[in-house]
Amino acid sequence: MKKLLCLITTLCFIFTTTASAEGTSGRRSTLITTHDPLRYSVFTADGNTITAHGYYANDPVIMFEIVASLRDNSLEFRQNSDNTYTASFSGVTTDRFAYIRLTKKSGLVYNYRVEYQSGLGWYFADNGFDERHISLAENHTEMPLIVTVQYLVNVSGTEEDVAETLSQIKAITAQVTDGLDNNYDKARAITGWVAENIYYDTDARDMEVTLETIALNKVLYDRKTVCAGYANLTAAMLEAAGLKAITVIGTAVQLNEYENLPTEDRHHEWTAFWYEEEARWVFMDSGWDSRNLYEHSRYNKTTAPKRYFDITPFAFSQNHRAFRAEHRDYFNALDYFIPAEPEPPQSVGDDAHIVPPESTTATTTTIATTTTTTTAATTVITLPPQEPHDPPEPPPEPNNLPLYITIAALSLTAITITIVIIIRIRK
């Protein structure tokens, strides 16, 4: 009987511990918006209370709100002369979630999602996608030079086109980063320049997104593209500044679609660079930081929110999920045009001589990859049709950049590359 009681007690303890762990899994009490010392907020949830503090160097927060159906609530907000702010909210809601809303002096509005459960209070949902972001960045795929060439100049681009495009990227980057010695400041300036000077091409989105839409020679000439072009240009400029940059391919949703993020199939692309000084990957989304629109053949410029530079992976996981990460070696792309070394003569016995083929031979190699087809050393990247996608901010915040880019991920491990090499050797 004593042993039975001990066993029951042990099982009860295990059950209680497991239930407790499951009950608290997927929740965090703190959300830090960015690691950028010039623009950040720290939100802390504790029971029915949410506290906040932050700093925005040139565009201070002038209003702090909790947007939900609230009761028994109170809020204190203080804006300081040094552009910092503090806030404290106490209250409950019958809604499943709310938005922490920051209104900036410029009129820009930032929204962050916070969950509520009766008996537990406020918390930030944790889907684990922040860890996935970091893991994929650390294990990124090195892309073949032929793919990088096409991201620079499309399928029909020549060696001269590649050289000219790389020269333009270097010149713009040098101008944007002039006077900046710190790699972090350079990256911030590059992300801001892309967001402020490139326009989201809604016409291409609504009709057809092709490789030409995101190839950098066209992006720089037309100053318009879609999300993959933003990420492509940001990565190329980061590399021009001497930083290791990758592009990240995944999906993105509105904050009110958070529950759909694990299963949603809308495609999007953003950027990260390796910050050697702090030994970490810094993530940014210049596309979502741009509200410039090219619509009905007209350019419409608006203020860039500058919210997504060095966004923390946890804050990013509220509306971004990564599938894969790629490194495109832009500034070695010209190596693709260097002729391959001829094969040495074959040796038969003691006499070395060239053995001519009796007929022309063809060798075909098939490798699994993503939507990329290469024939006779020419890769054709096919971009699937675009899906409708609402602006990536919950109402009532207006005019955020629409994202409905479906970009084919290029990989040596996903769909099919067919390389046909025809070698003609004449005696």
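Right above here is the structure, for reference.
All of these numbers come straight from a predicted model, not from anything done at the bench.

1. Quick look at helix H4 (residues 159-176)
In this model H4 runs 26 Å from its N-terminal to its C-terminal C-alpha over 18 residues, within 8% of the 26 Å that 1.5 Å per residue would give. Those residues of H4 that fall on the buried side of the exposure criterion are Val162, Thr165, Leu166, Ile169, Ile172, Thr173 and Val176. Down the axis of H4, the smallest arc covering the buried residues is 130 degrees, so these residues share one side. Structural note: H4 exposes Glu160 and Gln175 on the side pointing more than 90 degrees away from its buried face. On its buried side, H4 packs onto helix H3 (145-153), helix H5 (183-197), helix H8 (216-222) and helix H9 (227-240).

2. Points about H3
Think of an α-helix as turning once every 3.6 residues; residues three or four places apart then point the same way. Among the nine residues of H3, eight are classified as buried, and the element is accordingly described as predominantly covered. Those residues of H3 lying buried are Ile146, Val147, Thr148, Val149, Gln150, Tyr151, Leu152 and Val153. Asn154, located one to two residues past H3, shows a positive phi value of around 70 degrees.

3. A look at the packing of H4 against H9
At a closest axis distance of 9 Å, the pairing of H4 and H9 adopts a crossing angle of 75 degrees. What the angle tells us is that H4 and H9 run roughly perpendicular. Here Ile169, Lys170, Ile172, Thr173 and Val176 of H4 come into contact with H9, specifically with Ala236, Met237 and Ala240. When grouped by side-chain class, the residues that make up the contact of H4 with H9 number six nonpolar, one polar and one charged.

4. What about empty space enclosed by the protein?
Over the atoms rolls a probe the size of a water molecule, and in doing so it shows where empty space is left. Under the criterion given, the structure shown has five cavities of 30 Å³ or more. By volume, the largest cavity is sized at about 60 Å³. Residue assignment for the lining of the largest cavity shows that the elements contributing at least two residues are strand S3 (39-46) and strand S9 (109-117). For the lining of the largest cavity, the class distribution of residues is five nonpolar, two polar and four charged.

5. Digging into the side chain of Glu326
Structurally, the position occupied by Glu326 is in strand S19 (residues 320-327). Side chain to side chain, Glu326 and Arg324 meet in a polar contact 2.9 Å long. Within the structure, Glu326 has its side chain in polar contact with the side chain of Arg328 (distance 3.0 Å).

6. Remarks on the side chain of Thr165
Examined against the element boundaries, Thr165 turns out to sit in helix H4. For Thr165, the residues in contact, after removing those within four places along its chain, are Leu152, Val153, Leu216, Asn217 and Leu220.

7. A few points about the pairing of S9
Of all nine residues in S9, eight are buried; the element is thus mostly enclosed. In the sheet, strand S8 (residues 97-104) pairs with S9 via seven bridges, with the strands oriented antiparallel. The residue of S9 that forms the bridge with Leu102 is Tyr110. In sequence, S8 turns back onto S9 through a hairpin of four residues, with Gly107 there showing a positive phi of about 100 degrees. Where S9 lies against strand S10 (residues 121-125), three bridges are found, and the strand directions are antiparallel.

8. Focus: the sheet that holds S9
Taken together, the five strands give an open sheet; going across it, the order is S1-S10-S9-S8-S5, and neighbouring strands pair in antiparallel fashion. Unpaired on one side and paired on the other, strand S1 (27-28) and strand S5 (61-67) mark the two borders of the sheet.

9. Notes on the environment of Thr191
By secondary structure assignment, the location of Thr191 is in helix H5. Between the C-alpha atom of Thr191 and that of Ala231, which follows or precedes it by 40 residues, the distance is 9.4 Å. When residues no more than four places from it in sequence are discounted, the contact partners of Thr191 are Thr234, Met284, Ser286 and Phe309.

10. Looking at the pairing of S3
Pairing geometry for strand S2 (residues 30-32) and S3, over three bridges, is antiparallel. Its bridge partner being in S3, Leu31 is matched across the sheet by Phe43. Here S2 folds back onto S3 in antiparallel fashion, the turn holding six residues. The pairing of S3 with strand S4 (residues 49-56) spans eight bridges and is antiparallel. Pairing of Arg39 across the sheet is with Tyr56, part of S4. Linking S3 back to S4 in an antiparallel pair, the connection comprises two residues, with Gly47 at a positive phi of about 65 degrees.

11. Description of the packing of H3 against H4
Relative to each other, H3 and H4 sit at 70 degrees, their axes nearing to 9 Å. What the angle tells us is that H3 and H4 run roughly perpendicular. When you trace H3 past H4, the crossing you get is left-handed. Side by side, H3 and H4 meet where Val149, Leu152 and Val153 of the first sit next to Asp161, Val162, Thr165, Leu166 and Ile169 of the second. Here the residues of the contact of H3 with H4 are counted per class, giving six nonpolar, one polar and one charged.

How each quantity is defined
- Residues numbered from 1 in each chain as written.
- Predicted model: local features only at pLDDT ≥ 70, side-chain atom pairs only at ≥ 80, totals over all residues.
- Heavy atoms only, no water.
- Helix = DSSP H or I, 4+ residues; strand = E, 2+ residues; numbered from the N terminus.
- Expected span 1.5 Å × (residues − 1).
- Buried < 20%, exposed > 50% of the residue type's maximum accessible area, 1.4 Å probe, protein only.
- Arc of directions from axis to C-beta.
- Contact = heavy atoms within 4.5 Å.
- Axes fitted to C-alpha atoms, helices over the stretch in contact; angles between N-to-C directions.
- Parallel < 35°, antiparallel > 145°, perpendicular 65-115°, else oblique.
- Nonpolar A, V, L, I, M, F, W, Y, C, P; charged D, E, K, R; others polar.
- 1 Å grid on protein atoms, 1.4 Å probe; cavity = no way out; pocket = protein on both sides within 12 Å on 5 of 7 lines; lining within 4 Å.
- Points joined across faces, edges and corners; volume = space filled by probe spheres on them.
- Polar contact = N/O pair within 3.5 Å; in protein donor to acceptor, adjacent residues only side chain to side chain.
- Pairing = 2+ DSSP bridges.
- Left-handed = near helix turned anticlockwise from the far one by under 90°.

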